[in-house]
Amino acid sequence: MASLNPVFFLVFLLLTTFYHLGEGRAPHTFLVGGSDDGWKVPESSNKTRLIHWAETQRFLVGDSLEFNYDNKTDSVLQVTKENYEKCITKEASKTYTATQTILKLNDSGPHYFISGDQGNCAKGEKLIVVVQSPEHPPMPKPVPPTAPPTPSKPPTSPAPPTSPAPPTSPAPTPANNTAVGLVAGSGIFWTFIAVIGLAWA
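Along each chain, the written sequence defines residue order, and numbers are assigned to residues from 1. Per-residue local features are limited, in this predicted model, to residues with pLDDT of at least 70; the limit for side-chain atom pairs, both in listing and counting, is 80 or more; totals at the level of whole chains, interfaces and linings are taken over all residues. To get the side-chain values, take all heavy atoms of the structure and skip hydrogens and water.

- Within an unreviewed UniProt entry, the label attached to the protein chain reads Phytocyanin domain-containing protein, and the organism entered is Brassica cretica.

1. Topic: the sheet that holds strand S8 (residues 126–132)
Item 1. Strands were regarded as paired on the criterion that DSSP finds at least two bridges between them. What counts as a helix is a DSSP run of H or I of at least four residues, what counts as a strand is a run of E of at least two, and both are numbered from the N terminus. In space, the five strands of this open sheet follow the order S2-S8-S7-S4-S5, with mixed pairing throughout. Strand pairing shows two members of the sheet lacking a second neighbour, strand S2 (59–60) and strand S5 (94–96), which therefore form its edges.
Item 2. With three bridges connecting them, strand S4 (residues 76–79) and S5 associate as antiparallel partners. Bridging from a neighbouring strand, leucine 77 pairs with threonine 95 of S5.

2. Considerations on the nonpolar core
Across soluble globular proteins, nonpolar side chains show a tendency to be buried alongside one another.
Item 1. Trp39, Phe59, Leu65, Phe67, Phe113, Leu127 and Val129 are the most contacted members of the largest nonpolar core, which totals 18 residues.
Item 2. Residues enter a nonpolar core if they are buried and are Ala, Val, Leu, Ile, Met, Phe, Trp, Tyr or Cys, with the set joined through side-chain atoms within 4.5 Å. Categorising residues by exposure relies on relative accessible area from a 1.4 Å probe, with only protein chains included: less than 20% of the type maximum marks a residue as buried, more than 50% marks it as exposed, and the intermediate range marks it as partly exposed. Grouped together as the second largest cluster of nonpolar side chains are seven residues, Leu77, Tyr84, Tyr112 and Cys121 included.

3. Quick word on the pattern of salt bridges
Any two side chains of opposite charge can pair, so long as their charged atoms come close to each other.
Item 1. Any carboxyl oxygen of Asp or Glu within 4 Å of a side-chain nitrogen of Lys or Arg constitutes a salt bridge here. Within the structure shown, the criterion is met by two salt bridges.
Item 2. One salt bridge connects aspartate 37 with lysine 40, and the closest N-O pair in it is separated by 3.1 Å.
Item 3. Here aspartate 37 falls in the partly exposed class, since its relative accessible area comes to 41%.
Item 4. On the accessibility criterion, lysine 40 (39% relative accessible area) is partly exposed.
Item 5. Linking glutamate 82 and lysine 86 is a salt bridge whose minimum nitrogen-to-oxygen distance equals 3.2 Å. With glutamate 82 and lysine 86 both in helix H3 (residues 81–86), this residue pair falls four residues apart, about one helical turn.
Item 6. With relative accessibility at 53%, the residue lysine 86 sits in the exposed group.

Encoded structure:
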């Protein structure tokens, strides 16, 4: 019986490793804007509030969005990217008018939502939700290039000559999905350990 303890331990490690290889979470319902009255015209000082809120979330296929609003004065339209940018309300692919609208995110990729009131949309009541597939982890965001520093003032007297700096090699490019590779690698490692443990048992 004592020889089974290492086997159970290794099976436990194997199961927990493969659990973490997947997303490991049940579908989630996101309250749009992070509050019960999140779907509304943002304050003029924070017109991009809804966009920033969406950028801080991780949406997966199977998740849902919950929009809460006064349906006497507002609605939710699902639109194309072009209609999102121009706040065009007449060509919505879907229109929602329930006081509490819950939309299931069935497809990966960007989804565009605007207020049914064109004036509200123009004031910032609009939302882009980028839905990820659990099988395809997100690509890292590109880092914007930084501008070279500008000299403050040219020197008034000539500087003494300096020897040329040795050539520098370019920094290595980071590999994409490094974390995923580490997790997958650890899964393979634990699988190997489990096989050895079972063979010893």
